[in-house]
Protein chains: 2
Amino acid sequence: MSDRRYLANAIRALSMDAVQQAKSGHPGAPMGMADIAEVLWRDHLKHNPNNPNWADRDRFVLSNGHGSMLIYSLLHLTGYELSIDDLKQFRQLDSKTPGHPEYGYTPGVETTTGPLGQGLANAVGMALAEKTLAAQFNRESHDIIDHHTYAFLGDGCLMEGISHEACSLAGTLGLGKLIAFYDDNGISIDGEVEGWFTDDTAKRFESYNWQVIAGVDGHDSAAVQKAIEQAQANEQQPTLIICKTVIGFGSPNKQGKESCHGAPLGDDEIKVTREQLGWQHGPFEIPADVYQQWSAKDRGDAIEASWNKRWVAYEHEYPKLAAELKRRLNGELPGNFDQLATEFAKQLQQNPDNPATRKASLNTLNKFGPELGELLGGSADLAGSNLTLWDGAQGITADDASGNYVYYGVREFAMSAIINGVTLHGGFKAYGATFLMFMEYARNAVRMSALMKQPSIFVYTHDSIGLGEDGPTHQPVEQIANLRMTPNLNCWRPCDAVETAVAWTEALKSKTTPNALVFSRQGMSQQQRSDQQLTDIAKGGYVLRDSDDTPELILIATGSEVDIAVQAAEKLTEQGNSVRVVSMPSTDVFEQQSADYKEQVLPAAVTKRVAVEAAIEDFWYKYVGLNGAVVGMNSFGESAPAGDLFKHFNITVEATVEKANALLG
Amino acid sequence: MSDRRYLANAIRALSMDAVQQAKSGHPGAPMGMADIAEVLWRDHLKHNPNNPNWADRDRFVLSNGHGSMLIYSLLHLTGYELSIDDLKQFRQLDSKTPGHPEYGYTPGVETTTGPLGQGLANAVGMALAEKTLAAQFNRESHDIIDHHTYAFLGDGCLMEGISHEACSLAGTLGLGKLIAFYDDNGISIDGEVEGWFTDDTAKRFESYNWQVIAGVDGHDSAAVQKAIEQAQANEQQPTLIICKTVIGFGSPNKQGKESCHGAPLGDDEIKVTREQLGWQHGPFEIPADVYQQWSAKDRGDAIEASWNKRWVAYEHEYPKLAAELKRRLNGELPGNFDQLATEFAKQLQQNPDNPATRKASLNTLNKFGPELGELLGGSADLAGSNLTLWDGAQGITADDASGNYVYYGVREFAMSAIINGVTLHGGFKAYGATFLMFMEYARNAVRMSALMKQPSIFVYTHDSIGLGEDGPTHQPVEQIANLRMTPNLNCWRPCDAVETAVAWTEALKSKTTPNALVFSRQGMSQQQRSDQQLTDIAKGGYVLRDSDDTPELILIATGSEVDIAVQAAEKLTEQGNSVRVVSMPSTDVFEQQSADYKEQVLPAAVTKRVAVEAAIEDFWYKYVGLNGAVVGMNSFGESAPAGDLFKHFNITVEATVEKANALLG
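Thresholds applied
- Residues numbered from 1 in each chain as written.
- Chains lettered and ligands numbered in written order.
- Predicted model: local features only at pLDDT ≥ 70, side-chain atom pairs only at ≥ 80, totals over all residues.
- Heavy atoms only, no water.
- Helix = DSSP H or I, 4+ residues; strand = E, 2+ residues; numbered from the N terminus.
- Buried < 20%, exposed > 50% of the residue type's maximum accessible area, 1.4 Å probe, protein only.
- Contact = heavy atoms within 4.5 Å.
- Least-squares fit on C-alpha atoms with pLDDT ≥ 70 in both.
- UniProt positions renumbered as here; feature names shortened; annotations may be inferred.
- Pairing = 2+ DSSP bridges.
- Axes fitted to C-alpha atoms, helices over the stretch in contact; angles between N-to-C directions.
- Disulfide = S-S within 2.5 Å.

1. Thoughts on the environment of A:Tyr318
Residue and element names in this part refer to chain A.
Move 1: Turning to its location among the elements, Tyr-318 is positioned in the loop between α12 (297-317) and α13 (319-329).
Move 2: Classification of Tyr-318 as partly exposed rests on a relative accessible area of 24%.
Move 3: In this view, Tyr-318 contacts Arg-139 and His-142; residues no more than four positions away in its chain are not counted.

Right under this line is the structure:
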């Protein structure tokens with residue numbers, strides 16, 4: 001047995017032992033890809049286990065995340081802070097080794113994977129970030145940003161539609177430092193894939209302008225070595241290395257079969273597998289010489305030290321650039337940003353205007369953009385509708401990646417997962433836009449940003465029936481509620497230009513929470529505000545109009561319906577009622593405020609409440625209760641001019657007044 | 001000018017006139033594809049404007065649905081009940097000509113399109129339905145089911161990931177009667193696609209095992225004619241005809257540019273376009289000879305009459321088969337189904353068992369399946385986990401499509417849109433399964449079934465943190481609320497084998513509403529029920545346990561938490577409280593009951609309410625109000641054994657009792 005195989009077998013042993021101990025998990029992929037991983041990680045991967053966050057490290061993504069024991073084994077063996085006891089805690093509560101790789105739980109895990117295809121799209125985002133950052137900051141003889149992104153993926157990733165979107169775009173953008181390894185083992189959960197997956201994958205990726213290295217024996221280290229070198233040599237195209245492997249390699253009775261994919265091998269099979277592999281060590285036992293040969297700590301320290309030297313030279317020659325790069329890599333906004341944003345909001349408040357909030361969003365980008373080199377914008381082929389292409393936006397192309405705007409094409413899901421990858425990579429504030437309805441095409445990537453605590457920014461325009469004639473396929477109803485109910489996601493639906501600027505400000509300042517910015521197609525009346533009210537917008541909900549004495553009734557509204565609520569309040573006040581209007585641009589952010597503040601805005605004693613929003617009513621019972629009322633939607637929209645639709649669906653001042661009067665009795 | 005061009009220009013004129021009149025819409029695609037449409041519709045499409053629902057008609061899908069004026073023009077010109085006045089009402093409220101083609105609004109519109117890529121996937125579903133129905137019912141010399149499915153599509157459809165999923169599967173299944181026309185005009189909303197869409201589409205589709213006819217001049221009728229004939233001649237492979245076209249063909253100043261894609265041409269440009277096209281008729285004016293040459297009414301009557309003759313012969317030779325086919329095409333269940341279902345539920349109630357509801361679902365399929373030839377099942381590569389592969393399930397392959405089960409591969413979005421296509425086609429009760437979390441990958445197709453009022457059945461297993469070790473990427477939190485908030489969708493989360501059987505029964509009986517059946521991974525305790533309670537399950541919510549006198553407090557629960565609520569009620573009763581337990585397998589269906597019934601179950605006077613569900617809490621305030629409490633989730637899950645997670649997240653009998661006691665004071 002070669003030394004390489006022996007070292008790879010350490011992965012196999014750890015993987016089957018940990019899955020067995022957990023009584024659940026996926027041994028097949030780690031055992032099948034162990035030989036590939038050994039070559040990549042021991043001979044090529046540029047990383048430092050002593051500093052998992054070193055900026056110029058290669059990124060490694062396990063897109064087939066169910067094979068998590070592969071990456072845990074690699075991190076353990078190469079010297080990350082992941083002990084053998086951590087591996088024994090595989091899939092247990094509070095462990096560093098959850099069932100799927102979870103970003104933030106384990107040093108060295110670059111992204112959360114498991115939802116198939118998304119890791120690959122994250123990797124495209126990381127490679128895009130590297131290429132763009134390099135184009136923006138590298139200078140002659142100073143390749144300060146220069147690393148590869150490697151992704152492992154399986155049949156599942158390639159069947160998923162997102163693989164098409166992401167890889168097509170990666171080809172167009174010529175992401176030459178992206179190298180993907182396809183674990184072509186012919187098996188998926190339902191069995192041999194030939195019954196449902198018959199693509200000529202090499203041909204498919206060639207059609208995307210990738211370099212394809214097909215027919216590599218994934219158990220022949222020399223062949224893998226050669227393929228990696230060929231991949232690295234091509235700097236113009238991303239590379240797909242198609243590795244023929246045997247799932248569960250080494251298991252005499254289960255290898256090559258679905259039975260080793262997602263279940264423990266069982267004690268008996270593990271015993272004979274040890275024999276077949278010639279691995280004569282007990283469960284979780286790794287001999288010292290194996291550890292020694294796997295350790296990447298010294299090599300990692302050395303390459304990081306070498307980079308640090310280059311950094312000093314770079315900093316010396318380009319002090320401003322270096323400071324800017326450092327700031328961006330640290331995720332810090334420019335020092336003057338807070339002031340800029342505060343003044344901008346004040347200025348907007350003082351100069352009333354009634355643009356659509358999508359237009360107000362563009363105005364905000366035009367104001368903030370020149371100060372924010374880290375902006376990396378884009379739209380899924382709706383730039384002119386989403387209004388994301390601000391004055392300083394410059395498209396990124398294969399030949400010139402120094403821009404700050406991505407023409408994503410009609411690829412909502414890939415766009416969103418790529419944004420997550422860019423954000424995980426660091427150095428950027430990435431935003432991407434589509435119609436709110438088509439958030440649904442990308443929905444799970446939005447959730448993943450929240451799960452990973454990444455401050456991705458999702459811009460969604462055409463937020464309701466207010467979009468008009470395009471009709472119910474394009475008119476959101478339940479989508480805003482879906483965003484609000486997603487844990488750790490802040491959804492904003494501002495009512496005017498001022499709230500729009502604040503929403504953008506909060507999104508840009510966010511460090512651990514993605515933000516969804518929901519904008520209107522149609523114009524919006526600007527509301528009056530005191531300085532205090534202006535400040536309170538950032539709290540997600542605040543009293544916009546109040547009664548002189550204790551309110552009898554509270555109207556709660558967001559976005560285009562705030563003006564309806566304000567007008568209704570005026571009519572109710574004329575009738576002699578004491579009515580408060582609460583503008584609630586972000587229920588998520590409002591919920592994060594103190595109990596005192598929330599009670600001030602929505603006093604428990606005031607139980608007569610009407611929520612007004614051109615969206616599904618169900619959500620609002622959280623704020624109006626069983627005795628309250630909602631002016632909203634309970635059906636899909638229709639195709640007609642927007643004005644006709646608000647009347648048709650009874651989302652009007654009159655309907656609000658009527659429901660309020662019914663409560664006031 | 002050829003006669004053909006003249007006839008095609010009728011489409012161009014109607015499209016630009018209607019968009020102009022509506023002051024919004026998309027003239028570019030109809031004007032670009034008019035010549036292709038003329039050849040297909042006048043020379044090939046087998047349909048009858050006098051009977052848009054004739055069973056053996058060809059299906060036509062406009063996947064680039066924004067070009068709706070193309071199909072409206074075609075339907076009007078060929079003689080469907082769609083008048084010139086209807087065209088003048090384009091994009092107006094209550095018209096038959098909404099902004100995008102909407103199923104059910106316009107005779108001859110086979111599916112709702114607009115959300116890109118999904119029409120193509122619907123078409124794959126229709127072609128699959130045709131192939132399977134033909135394999136099941138045709139007999140030697142009796143090709144009673146024999147029609148094509150034609151789809152038009154644009155760049156957007158091809159960039160979307162779902163096009164990969166659907167077309168890859170269509171190639172594997174050898175859907176030879178599917179013929180797609182790619183409107184290769186080089187333009188998308190952001191401009192010339194070469195900046196973001198550089199696929200070699202011909203190569204890509206060859207990699208899927210499609211026949212590709214590339215380089216067809218979409219304005220050369222003879223070339224289009226030849227391509228269609230070649231496509232029809234190949235019965236083993238689906239065909240993609242790549243048509244080079246000029247968007248907005250005929251507009252001197254806007255053709256070939258993005259400016260004609262999604263906005264009216266303007267009166268001046270329309271004038272010069274009329275001149276360039278040689279179309280000397282006023283707005284909405286179609287000369288009688290043009291109508292005459294376009295009319296498909298006589299031809300349609302003749303081909304339907306010919307089919308009717310063949311039907312009589314078929315019915316004569318195969319009376320049983322014919323009756324079965326008729327029943328299925330009419331969407332009627334077997335006459336004995338109600339009795340079978342009622343007896344099965346009764347039998348389950350009398351023989352308590354505690355399976356996971358996914359297993360109870362399999363048991364139900366095994367019971368109902370043998371009686372339901374119309375079942376067309378499947379799973380997105382999770383058959384063994386979703387438990388959808390019942391005893392009588394037989395895979396469909398390219399060579400033998402007579403089965404009743406589709407191995408969809410890891411393609412959730414395509415699966416769901418294909419199910420919609422199968423359901424729209426008729427003849428089947430189609431269901432497809434994945435983990436509940438991955439509903440999100442398919443989310444917009446689920447919504448589309450609800451919008452189209454199609455009774456698609458979506459099976460979702462692994463419904464909560466109860467799935468355990470796979471962790472937060474796989475543990476639904478906000479997904480059930482998302483399904484419940486979707487208009488016209490019935491979401492069921494049964495608590496035991498009995499409720500599972502009822503949920504399946506209701507889903508199968510549904511005619512205009514899709515159903516999402518949400519099942520557990522883990523075992524569930526069976527609840528006791530009276531005959532009345534058994535009947536009431538179908539009402540979506542019912543009193544499962546009651547107090548002897550008026551309840552002081554109501555516990556509302558679903559799925560795996562019903563047993564927690566029942567146990568909590570027992571403890572609270574022991575404490576001397578009067579507590580009711582409401583099992584609420586479907587809030588959607590419960591909402592459809594009479595106000596009286598709802599008041600009986602949840603009396604307004606009882607305001608002390610606790611909802612218990614291992615899912616996002618927000619939703620439940622609709623039922624417990626501001627004074628109630630929820631035992632649920634407010635964060636993502638974790639990776640650990642299920643039992644540990646219920647404790648960790650405090651979804652327990654103890655937590656329920658505690659919250660109840662806090663309300664009881």
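That was the structure; now back to the text.
2. So, the relation of the copies chain A and chain B
Move 1: Of the transformation placing chain A onto chain B, the axial shift is 0.0 Å and the rotation is 180 degrees, giving an RMSD of 0.0 Å. Overall, the copies show the geometry of a two-fold rotation axis.
Move 2: Most of the interface of chain A is mirrored in chain B: 100% of its interface residues are interface residues there too.

3. What to know about the UniProt feature "binding site: substrate" (unreviewed entry) in chain A
Move 1: According to UniProt, the "binding site: substrate" (unreviewed entry) feature falls on A:His26, A:His261, A:Arg358, A:Ser385, A:His462, A:Asp470, A:His474 and A:Arg521. The greatest C-alpha distance among the annotated residues, which extend across 496 residues, is 48.2 Å, indicating that they are dispersed rather than converging on a single site.
Move 2: Given a relative accessible area of 18%, A:Ser385 falls into the buried group.
Move 3: With residues near it in sequence (within four places) discarded, A:Ser385 still touches A:Arg358, A:Phe435, A:Thr461 and A:His462.
Move 4: Not counting chain neighbours up to four residues away, the residues in contact with A:His474 comprise A:Phe435, A:Met437, A:Phe438, A:His462, A:Leu467, B:His100, B:Gly114 and B:Pro115.

4. Observations regarding the sheet that holds strand β13 (residues 515-518) of chain B
All names here are of chain B.
Move 1: Judged by pairing direction, the sheet is parallel, and its 6 strands sit side by side in the order β9-β8-β10-β11-β13-β12 without closing on themselves. A strand with exactly one partner marks an edge of an open sheet, and here the two such strands are β9 (405-407) and β12 (490-492). Ignoring which end each strand starts from, the neighbouring axes of this sheet average 20 degrees apart.
Move 2: Here strand β8 (residues 375-379) pairs with strand β10 (residues 429-435) via 3 bridges, running parallel. Bridge pairing links Ser-379 to Ala-433 in β10.

5. Remarks on the state of the cysteines
Move 1: Taken as a whole, this structure holds 0 disulfides over all chains when the rule is applied.
Move 2: A:Cys167 takes part in no disulfide bond, and the closest cysteine sulfur to it belongs to A:Cys157, at a distance of 9.5 Å.
Move 3: Using a relative accessible area of 0% as the deciding quantity, one classes A:Cys167 as buried.
Move 4: The closest cysteine sulfur to the non-disulfide-bonded B:Cys491 is located on B:Cys495, 14 Å from its own sulfur.
Move 5: A relative accessible area of 1% places B:Cys491 in the buried class.

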